Every structure is written in structure tokens, then in C-alpha cells.
Amino acid sequence: MAKWIFDVLFTGVVSFVAYVILIAIERKQIANLVIMVAVMMALLVTMQDLTPVIEKWSARIDSLQNTAENISNITGNKSWTMPMKGEITQNFKSKDHHGLDIAGVVGMPVEATRKGQVTRVEWNDIYGNMIVIDHGNGLESLYGHLSGSSVKVGWPVIAGTKIGLCGNTGNSFGSHLHFEIRKNGTCIDPMYYLK
Amino acid sequence: MGEAAKQAFGPSSPGFVIILLVMLGVGSYLGEMITTAIGKGQISAMIRTGTLFSAILAVVSVVWKLLTIFFNFTQGKM
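Read on for a plain summary of the structure. Every residue gets a number counted from 1 within its own chain, in the order that chain's sequence is written. To label them, take the chains in the order written and letter them from A, then take the ligands in the order written and number them from 1. Under the rules for a predicted model, residues below a pLDDT of 70 receive no local features and side-chain atom pairs below 80 are neither given nor counted, while totals for whole chains, interfaces and linings still include all residues. To get the side-chain values, all heavy atoms of the structure are used, and hydrogens and water are removed first.

With 24 residues of chain A at the contact, the number on the chain B side is 31 residues. Buried area is understood as the total, over both parts, of accessible area removed when two parts are fitted together, assessed with a 1.4 Å probe. For the pair chain A and chain B, the summed buried area comes to about 2,400 Å², and 86% of that belongs to carbon and sulfur atoms. We define a salt bridge as a side-chain nitrogen of Lys or Arg found within 4 Å of a carboxyl oxygen belonging to Asp or Glu. On inspection of chain A and its partner chain B, the count reaches one salt bridge. Pairs of N or O atoms are called polar contacts if they sit within 3.5 Å, as long as, within protein, a hydrogen donor faces a hydrogen acceptor (for residues adjacent in sequence, only side-chain-to-side-chain pairs). Seen at the junction of chain A and chain B, the total is three residue pairs in polar contact (both at pLDDT 80 or more). What counts as a helix is a DSSP run of H or I of at least four residues, what counts as a strand is a run of E of at least two, and both are numbered from the N terminus. Of all elements in the fold, only α1 (2-24) and α2 (28-75) of chain A reach the threshold of two or more residues within the side of chain A that touches chain B. The contact rule is simple, with two residues in contact once any of their heavy atoms fall within 4.5 Å.

Structure representation (C-alpha cells):
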């Protein structure tokens, strides 16, 4: 930071002296060119000198975010967003129904509930068109009965990223989204994580 | 201080153009003074115009260099 201040001040002082000399000898146009070059140099110096500082703070913020995310993944503090707007027509039942059903019309956007990476985009006889997102720490989310997908395997997503469209594919009787959360491969109640 | 000055305004650095512009300005001023004193006003005007063109050319080349550095920087090449 101190280096940046010094560099900018130094450039400014030299340019100012040059400007004053040129004005004194009636070379206003050349003096204006000096100001232009000085401003560009100051911007470049700022970029070069502040980048390491910004990168350092960015790394710290990332680290804090990851820590917060790990904590919320472990505790499940209802921080995950709903994948689609609509009424929940069927809740999680550990034996009969391994996720939530959210009613919606065909073509409604379905969004990722949390930051992660798409690991599966495929057809399944039960889930129809389905997408699975890996959120780390053994947590996965599954979106089933979709009419279409807008992501591919390997794509990173954040909460709110549109990943597909609500549909009525697979073993489904009416347009809806089937949403599951799995922890280490075992289905758990999504309401534990959803806002 | 000396090292910083060398880095920012040394002969191969973009800042050198500021020194060059001052030298051009002073040189053309002296040239103008001399040519006016010996009654060659037309040459004096030519020096002035020529200096301005030279200054613009010098600045354009440096601006090009600075823009190249800037775009390299934004692409993470620095």
C-alpha cells in the first residue's frame, strides 16, 4: 500500500513539474499530453501495486466463506434456497418418499439450491430427466422429472443458477419437481437444509 | 528513491515520455527564440508545429505500450 502511494505521488510530482515547465514556456498542448500520460501511468501503477493486496484480501474472504459454508453444511442451518417456487405437495418420508415434491407448471425454471458442481445430467426411468449437484462434504442435491436441463456435467453452479425446467418426465403423474438431498448417499429431509 | 525514479522514468520505461516531452518543449522554445531573434519567423512556426507532431507521435507510441501492458495485465500475463 505504501509503495502504491509512493509510486502515484512520485508520478504526480514529476508530471506536475513537467506540466509547470511546459506551461511556463507556452507549450500548453504538450503539457496536456503530459497530463494524459501521467493519468494513464498512475492507473497502471495502481493496478500493478494493488493487485497483490486485493488478491490477499480475496483469499482471506474466500477462506472465511468456505469455513462458513462448511459449518452450515455440517449443521444444516436452513441456508439452502428453494429450487423452485411452488407449493410443496409431498414431504419427505424416510420409507416412502425420499424427497420433496414441489408443484409447478412445465417450463418453470429450476435453480441450484447451493454452490456446487454438476455431477450427473441423465435420464432415469424413475426420475426422468434428472440433475445431480455435488456440494462437497458428502452432500448432493437431486432434481427430478425435469423437462430440460441447461447445465452439463462438470459445470460449477451457485445458489440460484438456473439448471433446468420443471417437467413431467419419468415416473411422474403431473408436472412437478422432485427434490432430494443426500448425505453420503443417504436421503435426508431437505427441509432440514432449506430456508 | 533513485531506483524508483529509474524504474518509472528510465529510458526504456513509459514514464520517459514525460521527460522527453519536457525536453521537446524546452528545445522548441529555445529554437523558436533563436529563429525569432534572427528574423526567421516562418522557421519558428515550423519548429513549433514539428515539435507538436513529434510529441503526439511519442505519446501515441507510449499509449500503445501502456495499453498493451494493461491488456496483458487484465489477462493475467503479468
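Within the secondary structure, Glu180 of chain A sits in strand β10 (residues 176-183). In this structure the side chain of Glu180 of chain A is engaged in a polar contact, spanning 2.6 Å, whose partner is the side chain of Tyr127 of chain A.

This part is about the layout of surface pockets. Residue and element names in this part refer to chain A. Volume-wise, the second largest pocket comes out at about 170 Å³. Together, Asp96, His97, His98, Asp101, Ile126, Tyr127, His145, Asn171, His176, His178 and Glu180 line the second largest pocket. When residues of the lining of the second largest pocket are assigned to their parent elements, the largest contribution, three residues, is made by β10. For the lining of the second largest pocket, the per-class residue count stands at two nonpolar, six polar and three charged. Of the grid points, spaced at 1 Å and generated over the protein atoms alone, those admitting a 1.4 Å probe that cannot get out make up cavities, while open sets with protein on both sides within 12 Å along at least five of seven lines make up pockets; any residue with an atom within 4 Å of a point is treated as lining. Grid points are joined across faces, edges and corners, and a volume is the space filled by probe spheres set on the points. Polar here means any residue other than Ala, Val, Leu, Ile, Met, Phe, Trp, Tyr, Cys and Pro, which are nonpolar, and Asp, Glu, Lys and Arg, which are charged; Gly is therefore polar.

Take the environment of Cys187 of chain A next. All names here are of chain A. On the secondary structure map, Cys187 appears in strand β11 (residues 186-188). Sequence separation between Cys187 and Lys93 is 94 residues, and the spatial gap between their C-alpha atoms is 9.8 Å. Every residue in contact with Cys187, bar those within four places of it in the chain, is listed here: Phe92, His98, Glu180, Ile181 and Arg182.

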